[in-house]
Amino acid sequence: AQTVTQSQPEMSVQEAETVTLSCTYDTSESNYYLFWYKQPPSRQMILVIRQEAYKQQNATENRFSVNFQKAAKSFSLKISDSQLGDTAMYFCAFLVNYQLIWGAGTKLIIKP
Amino acid sequence: DGGITQSPKYLFRKEGQNVTLSCEQNLNHDAMYWYRQDPGQGLRLIYYSQIVNDFQKGDIAEGYSVSREKKESFPLTVTSAQKNPTAFYLCASSIEGAKGQPQHFGDGTRLSIL
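Along every chain, residues carry numbers that run from 1 in the direction the sequence is written. Just so you know, chain letters begin at A and ligand numbers begin at 1, following the order they were written in. Only residues with pLDDT of at least 70 get local features here, since the model is predicted, and only at 80 or more are side-chain atom pairs given and counted; chain-wide, interface and lining totals rely on the full set of residues. Side-chain figures throughout are based on the complete set of non-hydrogen atoms in the structure, without hydrogens or water.

**Student:** Any chance you could explain the overall build of chain A here in plain terms?
**Tutor:** Helices and strands together make up the secondary structure of chain A, namely 0 helices and 12 strands. Going residue by residue from the N terminus, the α and β elements of chain A occur as β-β-β-β-β-β-β-β-β-β-β-β. In terms of overall dimensions, chain A is globule-like: its C-alpha atoms have a radius of gyration of 13 Å, near the 13 Å expected for 112 residues. Projecting the C-alpha coordinates of chain A onto the three principal axes gives extents of approximately 40 × 25 × 20 Å. Any two residues whose heavy atoms approach within 4.5 Å are treated as being in contact. Of the contacts formed within chain A by residues at least 6 apart in sequence, a portion of 54% connects residues at least 24 apart. Only runs of H or I of at least four residues qualify as helices and only runs of E of at least two qualify as strands under DSSP, and these elements are numbered from the N terminus. A radius of gyration in this sense is built from C-alpha atoms; the matching globule rule multiplies 2.2 Å by the number of residues raised to 0.38.

As structure tokens, this is what we get:
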């Protein structure tokens, strides 16, 4: 079975700190894509970052970066200089054969 | 601006009633998806469609039905056979033919039982 595990149900950090959210996944496929999505209290699902499994270079988008370890099937998200607007649920997901497999999410709270 | 529109934002269903959730996109995307979100869980796929007049069941299709008569529209009907329909429903779309492209989401519909 293809699964995604986010081991941290909830995290909180002070504004401006760096935080890392964990994600591990399990698949027998060799070609797939990984994503982090953010869902703020408004419930809109917003793409944060995308990683192609065949690329070894870690993706970055401004303050957001990933640490992709393919052999370990690990895909963590690092948020630098965290801001109050980063408060949200964060979901890790991987795409294989046109289907997204989702983790249960990590609730991230940024404290002022 | 291009995007995905879901309506209504809130919907209430009576016992034995079918209800339909609307999803429209103007992104010219070929693929569309319906997900169900319950508290403490990730999204679960209900149905997806890669092309007009064709769709496939996802992991939790029982009690739901869809149609794809137009590229822009992918309505979801929650039938009376779905015994626990209370949830948040998200519609998404993506470019087809370009694997690995991200899915874009609407703002969701919250369905509750009266």
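That covers the picture; the talk isn't over yet.
**Student:** Help me understand the state of the cysteines in this model?
**Tutor:** Each disulfide consists of a covalent bond between the sulfur atoms of two cysteine residues. Residues and elements named next belong to chain A. Disulfide: a pair of cysteine sulfur atoms within 2.5 Å of each other. Throughout the structure, instances matching the rule amount to 2 disulfides over all chains. With its sulfur 2.0 Å from that of its partner, cysteine 23 forms a disulfide with cysteine 92. Linking cysteine 23 and cysteine 92, the disulfide has an S-S dihedral of approximately -65° and is accordingly described as left-handed. Taken together, the positions of cysteine 23 in the loop between strand 3 (19-21) and strand 4 (24-26) and cysteine 92 in strand 10 (residues 88-96) put the pair 69 residues apart, joining distant regions of the chain. Judged by its relative accessible area of 1%, cysteine 23 is buried. Exposure categories follow from relative accessible area, calculated using a 1.4 Å probe and restricted to protein chains: below 20% of the type maximum is buried, above 50% is exposed, and the middle band is partly exposed.

**Student:** Before we go on, may I ask you to explain the interface of chain A and chain B in this structure?
**Tutor:** Facing the 17 residues of chain A at the interface are 21 residues of chain B. Note: buried area is the sum, over both parts, of the accessible area (probe 1.4 Å) each one loses when the two are combined. Here chain A meets chain B over a buried area of about 1,800 Å², counting both sides, of which 53% is carbon and sulfur. When residues of chain A are sorted by the area they lose upon contact with chain B, A:Arg43, A:Tyr98 and A:Trp102 head the list and together hold 37% of the total. What makes a salt bridge here is a side-chain nitrogen of Lys or Arg within 4 Å of a carboxyl oxygen of Asp or Glu, nothing more. Counting across the interface, chain A meets chain B through 0 salt bridges. We define a polar contact as two N or O atoms separated by no more than 3.5 Å, with the added condition that, inside protein, one atom must be a possible hydrogen donor and the other a possible acceptor, whereas residues neighbouring each other in sequence contribute only through side-chain atom pairs. Here chain A and chain B share 4 residue pairs in polar contact (both at pLDDT 80 or more) between them. Those elements giving two or more residues to the side of chain A that touches chain B turn out to be strand 5 (33-39), strand 6 (46-52), strand 10 and strand 11 (99-102) of chain A. No other element matches strand 5 of chain A, which puts 4 residues into the side of chain A that touches chain B. Residue polarity follows a fixed list, in which Ala, Val, Leu, Ile, Met, Phe, Trp, Tyr, Cys and Pro are nonpolar, Asp, Glu, Lys and Arg are charged, and the others, Gly among them, are polar. Considered class by class, the residues forming the side of chain A that touches chain B number 11 nonpolar, 4 polar and 2 charged.

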